[in-house]
Amino acid sequence: MSRRREQSEYEKTFAFRFFRWLSGEKDAYIGNMEMRPQKEYEEKEETVAERMREKGKFSAEVYDKKYNRELRFFDRLYRAFSIIFCIAIVAVLIFTVSFLPEVGNEANPDNNIVSETYISRGIYDTGTVNIVTGMILAYRAFDTFGETNVLFVATCCVMILLMVDEDKIRENKESNDRGFEPKNDVILQKVAHVLAPVIFLFGIYIILNGHLSPGGGFSGGAMIGAGLTLYVAAFGFEKTERFFNERVYRIVKVTALMLYGCIVLYYFYTGANGLANLIPLGEAGRILSGGITLPINIFVGSEVACTIYAFYALFRRGGL
Amino acid sequence: MTEILNYILLGFLVVCAVSVSFSKNLLNSILIFMSYSLVMSVIWILLKSPDLAITEAAVGAGITSVLFFITLKKIHAIQSGKREEEEDEPEKRAE
């Protein structure tokens, strides 16, 4: 049993001060640190005029190639060296390429036991007909998890750089770049009307068939993202926000990443082979087969689609 | 036949890559870059990796160029039709 503390006693503890700081009630700097508002730097007109005059004099006399022989010489030298440098790099690269083994040669070093094992055992281990997806998402699930995290971090960085307050988006709605565009372009809208559903459908097809046919999470997700971009470009953000707003984005993105993390964790905890218990491999060639490949495909796909849409939205108006 | 097509496409890639850096107009650069990605995706199909072709077409030709367009618009390197005329006229008068 913990004894109930008095309010005055609690206020002296570290936890109280920490939570007060965390909630932003008290800024540690205010009162303890001298703070002055920054003055705007103003320059007199005379000094500006004088500076401009001097600058003009300099560029007229010093940087004119007619009078400055050294500059002329350096200019030629610079050009000659850049050309020589480019040619040297191209020569070195071509020289290196000539030593590379021929494509498709049997004695190549990439024809080793690893690729043989992937090809011969892949379908039994992972249950995927498409060996490439089986390799990326089952044998190397941890790699792909890292890549998905990179996508997540990239979106976070773009958000830090380009996110604008929501009030400002509403305030500047007219001055936003949306105002400059042909708002309801008939051609674009008609084309998007026909194309967007097909693109979405094809993207979903590629994601769901990632373990059977070429493609997979990344390709399908990129296609869905491109479809979303087309839809937004044609119909504007207001219509898109009806089915895809910041809340949906957050839920989908975080849930996909966390579930993917859980699957990878389980997969490696059981020694990378024991997942047949959790998600059965099923019959190869069916839609519901391939063990962990199908759910991971779906997670990666939604992650990529969200990332691409977020890039577009953040670049366009600084918010989702 | 496929080999000849392959060589033509590879030559086109080189031409595109060189002309991207030599074109003065940024909008043209992006359009050439887009066609580069499109040709690249055809080459991926000829190299029998359709999954990469799909990704290249969606990301390279679609998303990247769109992001470039938006960036150019934000820094006012390209402007949409009507605005351009309005803004260009006073400059012409000044000249």
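What counts as what
Residues numbered from 1 in each chain as written. Chains lettered and ligands numbered in written order. Predicted model: local features only at pLDDT ≥ 70, side-chain atom pairs only at ≥ 80, totals over all residues. Helix = DSSP H or I, 4+ residues; strand = E, 2+ residues; numbered from the N terminus. Core = buried A, V, L, I, M, F, W, Y, C linked by C-beta atoms within 7 Å. Buried ≥ 20, exposed ≤ 12 C-beta atoms within 10 Å, placed from the backbone. Contact = placed C-beta atoms within 7 Å. Nonpolar A, V, L, I, M, F, W, Y, C, P; charged D, E, K, R; others polar. Axes fitted to C-alpha atoms, helices over the stretch in contact; angles between N-to-C directions. Parallel < 35°, antiparallel > 145°, perpendicular 65-115°, else oblique. Left-handed = near helix turned anticlockwise from the far one by under 90°.

Undergrad: How should the environment of Cys 262 of chain A be read in this particular structure?
TA: Locating Cys 262 of chain A in the fold gives a position in helix H12 (residues 246–269). The spatial distance from the C-alpha of Cys 262 of chain A to the C-alpha of Ile 84 of chain A is 54 Å, given a sequence separation of 178 residues.

Undergrad: Before we go on, may I ask you to explain the nonpolar core in this structure?
TA: Burial of nonpolar side chains together is a common tendency in soluble globular proteins. Core analysis: the largest hydrophobic core is formed by 51 residues, its most contacted members being Ala 141, Ala 222, Met 223, Tyr 260, Ile 296, Ile 308 and Tyr 309 of chain A. Broken down by secondary-structure element, the contributors of at least two residues to this core are helix H6 (131–139), helix H7 (141–162), helix H9 (186–208), helix H10 (217–235), H12 and helix H13 (293–317) of chain A together with helix H3 (50–74) of chain B. At 15 residues, the largest contribution of residues to this core is made by H13 of chain A. Excluding anything up to four places from it in sequence, Ile 308 of chain A contacts Ala 222, Gly 225, Ala 226 and Thr 229 of chain A together with Ile 63 of chain B.

Undergrad: Looking at this structure, I do not really get the interface of chain B and chain A. What am I missing?
TA: The extent of an interface is frequently quoted as the accessible surface area lost upon association of the parts. Across the contact, 16 residues belong to chain B and 20 residues belong to chain A. In terms of residues, the side of chain B that touches chain A owes the most to one element, H3 of chain B, which gives 14 residues. Residue classes in the side of chain B that touches chain A are distributed as 8 nonpolar, 4 polar and 4 charged.

Undergrad: Explanation requested: unusual backbone geometry in the structure shown.
TA: Negative phi values dominate among residues other than glycine, just as trans dominates among peptide bonds. All names here are of chain B. Although it is not a glycine, Lys 48 sits at a positive phi angle of roughly 65°. Residue position: Lys 48 is located in the loop between helix H2 (26–46) and H3. A count of 9 C-beta atoms within 10 Å places Lys 48 in the exposed class.

Undergrad: Looking at this model, I keep getting lost on the packing of helix H1 (residues 2–22) of chain B against H2 of chain B. Mind explaining?
TA: Axis angle and axis distance: for two packed helices, these are the angle between their axes and the distance between the axes, and together they describe the pair. Residue and element names in this part refer to chain B. Where H1 contacts H2, the axes come no closer than 9 Å and their chain directions differ by 155°. Taken together, H1 and H2 sit at an angle that is classed as roughly antiparallel. As H1 packs across H2, the resulting crossing turns out to be left-handed. The segment H1 lies against H2, with Thr 2, Asn 6, Leu 9, Phe 12, Leu 13, Cys 16, Ala 17, Ser 19 and Val 20 engaging Ser 29, Ile 32, Phe 33, Ser 35, Tyr 36, Val 39, Met 40, Val 42, Ile 43 and Leu 46. In terms of residue class, the contact of H1 with H2 is made up of 14 nonpolar, 5 polar and no charged.

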